[in-house]
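Okay, here's what each chain looks like letter by letter:
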Amino acid sequence: MLNSRLLLSVVLLLAAAVAADEPRVTYLRDATNNRVPLNTVAPVYPTIARRDRVEGDVQVCFNVDRDGRPFRIAVRSSTDRVFERPSIRAIRASRYVSLPEHQEVPGIKTCRTFRFRLESIG
Amino acid sequence: MNIPRCGLMFALLGIVVCADAVGQSENEARTVIGPSNIDLADGATALRVGNAVDGVRLTQRGLQSATNDRDRVAGYSNLCAGYIMLDELDAALDSCNRALEIDDEHWRSYSNRALVYVKQKRYAEAEQDIDTGQSLSPNSRTLRIVKAMLLDATDPVSPTIIIDDRRHVPPDDAE
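The following refers to the structure shown. This one's a predicted model, so the numbers in the text were calculated from it and none came from an experiment.

Definitions and cut-offs
Residues numbered from 1 in each chain as written. Chains lettered and ligands numbered in written order. Predicted model: local features only at pLDDT ≥ 70, side-chain atom pairs only at ≥ 80, totals over all residues. Helix = DSSP H or I, 4+ residues; strand = E, 2+ residues; numbered from the N terminus. Buried ≥ 20, exposed ≤ 12 C-beta atoms within 10 Å, placed from the backbone. Contact = placed C-beta atoms within 7 Å. Pairing = 2+ DSSP bridges. Axes fitted to C-alpha atoms, helices over the stretch in contact; angles between N-to-C directions. Parallel < 35°, antiparallel > 145°, perpendicular 65-115°, else oblique. Left-handed = near helix turned anticlockwise from the far one by under 90°.

Here we come to the overall build of chain A. Broken down by element type, chain A carries two helices and six strands. Its helices and strands taken in sequence order, chain A reads β-β-α-β-β-α-β-β from the N to the C terminus. Within chain A, the fraction of its 122 residues that count as buried is 24%. Contacts spanning at least 24 positions in sequence make up 71% of the contacts within chain A whose residues lie at least 6 apart.

Okay, structure coming up:
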């Protein structure tokens, strides 16, 4: 006898109730960077990490071309892989001030660290 | 009571439907194609597509003709889920309790009951049910979501992203 059972849970319907709020962004920089940021894009806080209360850091290093576009983007260090893809996307979407024709494009890599944090608001 | 593990699981539109196609009786020579309890199956389908009213009605009808504890557990658990969707929390709690009276190792019923408790702001009981559910099904995504809902209710957090372009980070900031 082929016997079927149906079990059901509504929980995932209510998953949207888990807040998907926009992150607050803090920007720290000093004057030692060889390129000047023009448009800095913040990564999205991954939903799963937000849900499971996971925090972490990702350092991404990359070159910047004459026009200010990042290339050769690579994760240098990461505490959790869940944060790596949004970090790379954010770098790819960011721009730096372009260099004039007479100025040589530095070969040194630029690095940026994203720190994903969850602050208690209770 | 020990309930055999489900043979097929999939999640669709946030509803987990579990179909178990394990043969129940070796003495039975007859093969029936499809669910043994049509009303329970139709009720689950209705709930899965968000039709809570029909889902509850069909599940109640299916429970009247349920012939074994497995059907009854599934039915009451689904009924609990349906009542949650209708925001009838007392009825939902009663259904979850009935499911757990029959099978106290049914993690989905713990999950559903935890959700009822969260909505009723009975957070300690919700946490207890989540813990029990996770001990029965450690990798359940559903239970993780319920836990997140509990945490959002009891200890809400806001995501913050620090973009650090500094080359020399002071030791105090290095977290």
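Pairing of strand β3 (residues 56–64) of chain A with strand β6 (residues 110–120) of chain A involves seven bridges; the strand directions are antiparallel. Bridge pairing in β6(A) places C61(A) opposite C111(A).

Before going further, it helps to spend a moment on the packing of helix α2 (residues 52–64) of chain B against helix α3 (residues 69–85) of chain B. All names here are of chain B. Direction vectors running N to C along α2 and α3 enclose 155 degrees, while the axes themselves pass 9 Å from each other. Here α2 is positioned roughly antiparallel relative to α3, judged by the angle of their axes. Pair α2 / α3 crosses with left-handed handedness. Between α2 and α3, the residues in contact are A52, G55, V56, T59, Q60, G62 and L63 and R72, G75, N78, L79, G82, Y83 and M85, respectively.

With that settled, consider unusual backbone geometry. One non-glycine residue, R53(A), lies in the positive phi region at around 60 degrees. Here R53(A) is to be found in the loop between α1 (47–51) and β3. A positive phi angle is found at D87(B), which is not glycine, with a value near 65 degrees. Its place among the elements puts D87(B) in the loop between α3 and α4 (89–102).

Before going further, it helps to spend a moment on the pairing of strand β4 (residues 70–78) of chain A. Residue and element names in this part refer to chain A. Pairing geometry for β3 and β4, over six bridges, is antiparallel. Note on β4: the bridge partner recorded for V60 is V75. The loop that links β3 with its antiparallel partner β4 comprises five residues; one of these, G68, has a positive phi angle of about 90 degrees.

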